[in-house]
Amino acid sequence: FWTLCGNALTPKRGIFGKTGDLQTILCVSAAKDELTYSGALNGDVYVWKGITLIRTVQAAHGAGIFSMHACEEGFATGGRDGCIRLWDVDFKPITKIDLREAEHGYKGVEAVSFYHVVGSI
């Protein structure tokens, strides 16, 4: 975790405790109540309060979670398993869209790579 102090960033290690394993974190999203959610390489979602891991959503995806978005209605995650998953505000599953099973894509879903967005700025 990083804190901006003037013009410098100060790092602090997250406290995993016995709640989760030290993992490579691939994405992060902030939400209400000062909670932070992160997607891990093993497909778990980690829920943080400050720098302390308070909960793990195990096997949220079958592989690494590369994308996460928070909004008032809940969350959307995208993983290496080829799925987009929608979650409620308590991170309980709502639905799963498996893009590997869609013959001609999925109507209403558009994926844009980070490189494409940054490259066009």
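None of these values were measured; they are calculated from a predicted model. (Residues numbered from 1 in each chain as written. Predicted model: local features only at pLDDT ≥ 70, side-chain atom pairs only at ≥ 80, totals over all residues. Heavy atoms only, no water.)

Along the backbone of the protein there are 1 helix and 10 strands. Mapped in sequence order, the helices and strands of the protein form the string β-β-β-β-β-β-β-β-β-β-α. Sorting the 121 residues of the protein into buried and exposed places 31% on the buried side. When the accessible surface of the protein is totalled, it reaches about 8,500 Å², and 55% of it is carbon and sulfur. (Helix = DSSP H or I, 4+ residues; strand = E, 2+ residues; numbered from the N terminus. Buried < 20%, exposed > 50% of the residue type's maximum accessible area, 1.4 Å probe, protein only. Areas by Shrake-Rupley, 256 points an atom, 1.4 Å probe, with all protein chains shown as cover.)

A few words on the UniProt feature "repeat: WD" (unreviewed entry) in the protein. According to UniProt, the "repeat: WD" (unreviewed entry) feature falls on residues 75-90. Here residues 75-90 is 0% helix and 62% strand, with 9 Å between the C-alpha atoms at its ends. (UniProt positions renumbered as here; feature names shortened; annotations may be inferred.)

Next up on the list: the pattern of salt bridges. Pairing between side chains becomes possible if they bear opposite charge and their charged atoms approach one another. What the rule picks out here adds up to 1 salt bridge. Salt-bridge contacts for Arg100 lead to Asp98; the nearest nitrogen and oxygen are separated by 2.9 Å. Look at Arg100 and you get exposed, because its relative accessible area is 58%. (Salt bridge = Lys/Arg side-chain N within 4 Å of Asp/Glu carboxyl O.)

Turning to unusual backbone geometry, a few remarks are in order. Of note in this structure, Glu34 is not a glycine but carries a positive phi near 55°. Positionally, Glu34 belongs in the loop between strand S3 (25-30) and strand S4 (35-40). If you check the backbone angles, Ala59 has positive phi at about 55° while not being a glycine. Relative to the elements of secondary structure, Ala59 occurs in the loop between strand S6 (52-57) and strand S7 (65-71).

Moving on: the packing of aromatic side chains. According to the stated counting rule, one finds 8 aromatic pairs in the structure shown. Here Tyr37 and Phe91 contribute two aromatic rings whose centre-to-centre distance is 5.4 Å and whose plane-to-plane angle is 20°, an arrangement assigned as stacked. With a gap of 54 residues between them, Tyr37 in strand S4 and Phe91 in the loop between strand S9 (83-87) and strand S10 (93-98) connect regions that are remote in the sequence. With 4.6 Å between their ring centres and 35° between their planes, Phe75 and Phe91 make a pair best called tilted. Taken together, the residues span a long stretch of sequence, with Phe75 in strand S8 (residues 74-79) and Phe91 in the loop between S9 and S10 at a distance of 16 residues. Across the pair, exposure class does not vary: Phe75 and Phe91 are buried alike. Chaining the aromatic ring pairs together yields one cluster made of Phe1, Phe16, Tyr46 and Trp48. (Phe/Tyr/Trp six-rings, centres within 6.5 Å; stacked < 30°, edge-to-face > 60°.)

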